[in-house]
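Chains, contacts and geometry: an overview
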Amino acid sequence: KRVRYFGYIIIGLSSIFYLFFYEELLVILLPSFAKHIKLKLKTTEISMLTTVTMISNVAGKSVGVLLALKLSHMVILYSSLGLMFGSLVTLVIFAESSKTILWIGWCAHGAGVSSVIGALYTMLEKNIEVTPLICGILNTSGTMGSVIIPLIVGPFIQTRPMMIVYAFLGCTCLCTVFLLAINWMVANK
């Protein structure tokens, strides 16, 4: 009975984690952010920034697959969240004053978000049986986050584009809290 509740709690915590994880929103919200910041980027620069950020994301996934052969899923999760947090803090400070830091920050962030979901599923598989139903629950939760976050930041994009970075930073912090809770549950199974 205890094992059953453990599974429910892990699924619940992972669903909440996935609710706040926003990888797919990067390609949706980044162009709006870049268009409205004080640096006044040209359309071609915005397109290129988004493209390079997503290339960084794909490269990060490739590196993540190789790292998964040597590192534990929890190391990958914490490292990814650390990279996400560091890049977002850098963007909070410099995104509207330096194009170079803007590019570096978003590219680092693209790499940071790349391996999180794969590592989350690996962690789940090592602790519970991951069925199609569980995958569906997690994906539904992630999709809900993809709807909720734009609803919250959407009204502010034109007048306060940094709200996107603040929202991503808040979500990263919440993901970290839920990962710590998941880690604690797994350690005390």
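So, here's what we can say about the structure. All figures in this text were calculated on a predicted structure; none of them were measured in a lab.

Check the secondary structure of the chain and you find eight helices and zero strands. Starting at the N terminus, the α and β elements of the chain follow one another as α-α-α-α-α-α-α-α. Over its C-alpha trace the chain gives a radius of gyration of 17 Å, about what one expects of a compact globule, namely 16 Å for 189 residues. Seen along its three principal axes, the alpha-carbon backbone of the chain occupies a region of about 60 × 35 × 25 Å. Scored against the burial criterion, the 189 residues of the chain give a buried share of 44%. Taking all contacts inside the chain whose residues are at least 6 apart in sequence as the whole, residues at least 24 apart take part in 84%. Total accessible area on the chain is roughly 9700 Å²; 70% of this is exposed by carbon and sulfur atoms. For the chain, the distance from the average site of its 13 positive side-chain charges to the average site of its 6 negative ones is 5 Å.

Bringing helix H7 (residues 132-153) into the picture now. Residue pairs three or four apart in sequence face the same way in an α-helix, which turns once every 3.6 residues. Under the 1.5 Å per step criterion, the end-to-end length of H7 is 32 Å for 22 residues, consistent within 8% with the ideal 32 Å. Buried residues of H7: Ile-134, Leu-138, Ser-141, Gly-142, Gly-145, Ser-146, Ile-149 and Val-153, and no others. For H7, the angular spread of buried residues about the axis comes to 150°, placing them on one side. Seen from the buried face of H7, the exposed residues on the opposite side, beyond 90 degrees, are Pro-132, Leu-133 and Leu-151.

This brings us to the side chain of Thr-50. Considering the arrangement of structural elements, one finds Thr-50 in helix H3 (residues 43-68). For Thr-50, a relative accessible area of 10% puts it in the buried group. Here Ile-46 takes part through its backbone oxygen, which lies 3.0 Å from a polar atom of the side chain of Thr-50. Excluding anything up to four places from it in sequence, Thr-50 contacts Val-27, Leu-30 and Pro-31.

Right, let's get into unusual backbone geometry. Phi at Lys-40 takes a positive value of approximately 55°, unusual for a residue other than glycine. Here Lys-40 shows up in the loop between helix H2 (25-36) and H3. What makes Lys-40 exposed here is its relative accessible area of 63%.

Judged by nonpolar contacts, the single largest core of 55 residues is most densely connected at Tyr-22, Phe-33, Leu-102, Trp-106 and Phe-168. Where this core is concerned, the elements lending two or more residues are helix H1 (2-20), H2, H3, helix H4 (73-94), helix H5 (99-113), helix H6 (116-127), H7 and helix H8 (162-187). Not counting residues up to four positions away in its chain, the partners in contact with Leu-102 are Phe-33, Ile-37, Leu-39, Leu-41, Leu-49, Leu-91 and Ala-95.

Two numbers describe how H4 lies on H6: the axes approach to 9 Å, and their chain directions differ by 150°. Viewed along their axes, H4 and H6 adopt a mutual orientation that is roughly antiparallel. Note on packing geometry: the crossing formed by H4 with H6 is left-handed. On the side of H4, the interface is formed by His-73, Met-74, Ile-76, Leu-77, Ser-80 and Met-84, while H6 contributes Val-116, Ala-119, Leu-120, Thr-122, Met-123 and Lys-126. Taken together, the residues of the contact of H4 with H6 break down into eight nonpolar, three polar and one charged.

A few words on the environment of Ser-146. Along the polypeptide, Ser-146 turns up in helix H7. By relative accessible area, Ser-146 is classed as buried at 19%. Sequence separation between Ser-146 and Pro-161 is 15 residues; the distance between their C-alpha atoms is 18 Å. Apart from the residues lying within four places of it in its own chain, the contact partners of Ser-146 are Glu-24 and Leu-25.

Thresholds, definitions, all that
- In this numbering scheme, every chain counts its residues from 1 along its sequence in written order.
- Thresholds applied to this predicted model are a pLDDT of at least 70 for local features of residues and 80 or more for the giving and counting of side-chain atom pairs; totals over whole chains, interfaces and linings are not thresholded and use all residues.
- The side-chain quantities take in all heavy atoms of the structure and omit both hydrogens and water.
- Runs of E in the DSSP output that reach at least two residues are strands. Runs of H or I that reach at least four are helices, and both are numbered from the N terminus.
- Only C-alpha atoms enter the radius of gyration, while the globule expectation follows 2.2 Å times N to the 0.38, with N the number of residues.
- The rule is simple: take the accessible area with a 1.4 Å probe, protein chains only, and divide by the maximum for that residue type; under 20% is buried, over 50% is exposed, in between is partly exposed.
- Residue contacts are counted whenever heavy atoms from the two residues lie within 4.5 Å of one another.
- Exposure was quantified through the Shrake-Rupley algorithm and a 1.4 Å probe, taking into account, for residues, occlusion by the shown protein chains and nothing else.
- In this charge count, Lys and Arg are treated as positive and Asp and Glu as negative; neither His nor the chain ends contribute.
- Charge positions come from single atoms, namely NZ of Lys, CZ of Arg, CG of Asp or CD of Glu.
- Expected span of a helix: the number of residues minus one, times 1.5 Å.
- Arc definition: it is the arc formed by the directions from the helix axis to the C-beta atoms.
- Counting of polar contacts relies on pairs of N or O atoms within 3.5 Å, with two restrictions inside protein: one atom must be capable of donating a hydrogen and the other of accepting it, and residues adjacent in sequence are counted only when both atoms are side-chain atoms.
- Residues enter a nonpolar core if they are buried and are Ala, Val, Leu, Ile, Met, Phe, Trp, Tyr or Cys, with the set joined through side-chain atoms within 4.5 Å.
- Simply put, an axis is a line fit to the C-alpha atoms, just over the touching stretch for a helix, and the angle between two N-to-C directions goes from 0 to 180 degrees.
- Throughout this description, any angle smaller than 35 degrees is read as roughly parallel, any larger than 145 degrees as roughly antiparallel, any in the 65 to 115 degree range as roughly perpendicular, and the remainder as oblique.
- With the far helix as reference, a near helix turned anticlockwise by less than a right angle produces a left-handed crossing, and one turned clockwise produces a right-handed crossing.
- Ten residue types, Ala, Val, Leu, Ile, Met, Phe, Trp, Tyr, Cys and Pro, are classed as nonpolar, four, Asp, Glu, Lys and Arg, as charged, and the remainder, Gly among them, as polar.

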